[in-house]
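Single-letter residue listing:
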Amino acid sequence: KDCLLINISELMGILPVGCLRLQGEQMDSVKSIKNAFLHISQGKIISYGPMDKCPLEQMGETMEIVNLAGHTVMPAFCDSHTHIVYAGNREQEFIDKINGLSYEEIAARGGGILNSADLLHSTSEDELYEQAVVRLEEVIEKGTGAIEIKSGYGLTTEDELKMLRIKSTFLGAHAVGRAYVGRQSEYVELVCNEMIPKVAEEGLADFVDVFCDEGFFTVEETDKILSTASKYGIVPKIHANELAVSGGVQVGVKHNAQSVDHLERTTDAEIEALRYSATMPVMLPGASFFLGMPYGRAKEYIAKGLAVALASDYNPGSSPSGDMRFVMALGCIKMKLTPEQAFNACTINGAYGMGVSDIVGSITEGKLAKLLVLKKGVTLGYIPYCHHSPFIERVII
Ligand code: NIG
Ligand code: FE
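Residues numbered from 1 in each chain as written. Chains lettered and ligands numbered in written order. Predicted model: local features only at pLDDT ≥ 70, side-chain atom pairs only at ≥ 80, totals over all residues. Heavy atoms only, no water.

A. Examining the side chain of Ser116 more closely. Within the element layout of this structure, Ser116 appears in helix α3 (residues 113–121). A distance of 2.7 Å separates polar atoms of two side chains, one belonging to Ser116 and the other to Arg90. Those residues within four positions of Ser116 in sequence are excluded, and the remaining contacts are Arg90, Tyr153 and Pro316. (Helix = DSSP H or I, 4+ residues; strand = E, 2+ residues; numbered from the N terminus. Polar contact = N/O pair within 3.5 Å; in protein donor to acceptor, adjacent residues only side chain to side chain. Contact = heavy atoms within 4.5 Å.)

Right under this line is the structure:
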């Protein structure tokens, strides 16, 4: 339906057509127009501009006109890294962590990801879908307009396909499946020779992801899995440098990954590897918060001219929240990003991190109208400052 938003007090997050990501000092500003209009037709942004250029008279009778005097309008958040298709939860491990066990210790004794895999195995596809939809509705209400979702709690061919029929980044190499414990190289063979071919044949994944980190998959195994993925024309993403300086960033860049994610532990070598690459570094401050890990060096990456995206990592083990307002707050409070930098990291650069920045992530002619209308008087800095107050008036998707 055609819709004209008028008298918008501030239309925020404007980018020109063709701008797919923001790097370095480009991240320092957020372009906006005060007292603006925005014309939406068939779900897309047709035009926008200052109110004195608003073509109100030329609009047809069927047009819905919404007066947003006093309200800021911004693009919805783009969350490029989640695992929201999972069964049940891991509340017991949360208690174990409080009592002193580390994430690695829980994983090493067969809990963690394998615990979620056991739960998923005994959950039907319909039930799994129902649980995922609840989480999806929850994050939409919190302002997320585009989201990436990984598999990786199946770890058998059958269960991975079950997850992927819901959606969409294949993460078979998330952990070694229970049946293959002690036979890691055979599991890697299974991923390469059976899972990836089936996923490709059924067209089930936009990306292939690998957890390349200490205690999970090695650089060599990752290299092999990503080479297989590229044979099938599937673009890589990667989980790297969360638990150790793993070499994951470099192997991801080597394979032209869409993104390399986590990056809680990186050195200047990772920054140099990312320079001049098309790969987006995606940092996940919610995981740093929940597991008590260091925060990624986002500020330095930006100072050195790189792009950075922030995502929620919503999953039962390391970040049980998909609230991008909280992610933005952590970006500012813990990573010392300015609200402008955090905003760009959570919108256009997040969209780039999942390969959709040509259609979402900013106010741009032709992009999908996925928008947040903020409550009266709320401006950019207020979002991370008071991230818990209910300042979203309306989500338009
Ligand atoms: O992104 N690091 C690996 N994978 C997830 C956590 C998975 C889990 O613990 O269930 C992450 O943090
Ligand atoms: Fe993750």
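B. Region of interest: the site of ligand 1. With respect to spatial proximity, 15 residues lie near ligand 1, and among them Tyr103, Tyr153, His174, Glu242 and Ser318 are the closest. Taking His239, its side chain carries an N or O atom lying 3.0 Å from an oxygen atom of ligand 1. Contact with the protein chains hides 100% of the accessible area of ligand 1, taken as 330 Å² for the molecule alone. In this structure the site holding ligand 1 corresponds to the largest cavity. A class-by-class count of the residues in the shell around ligand 1 yields four nonpolar, eight polar and three charged. (Near = heavy atom within 4 Å. Areas by Shrake-Rupley, 256 points an atom, 1.4 Å probe, with all protein chains shown as cover. 1 Å grid on protein atoms, 1.4 Å probe; cavity = no way out; pocket = protein on both sides within 12 Å on 5 of 7 lines; lining within 4 Å. Sits in = over half its atoms within 2 Å of the grid points. Nonpolar A, V, L, I, M, F, W, Y, C, P; charged D, E, K, R; others polar.)

C. How the structure looks around helix α4 (residues 125–141). Taking 1.5 Å per residue as the helical rise, α4 with its 17 residues ought to reach 24 Å, and the 24 Å between its terminal C-alpha atoms agrees with that figure. Those residues of α4 that sit buried are Leu128, Gln131, Ala132, Arg135 and Val139. Along the long axis of α4, the arc covered by the buried residues comes to 95°, so they all point the same way. Structural note: α4 exposes Asp126, Val134, Glu137 and Glu141 on the side pointing more than 90 degrees away from its buried face. Those residues of α4 hidden inside the fold are in contact with α3, β7 (144–147) and α5 (157–164). Once α4 finishes, Gly143 follows within two positions and takes phi at roughly 110°, a positive value. (Expected span 1.5 Å × (residues − 1). Buried < 20%, exposed > 50% of the residue type's maximum accessible area, 1.4 Å probe, protein only. Arc of directions from axis to C-beta.)

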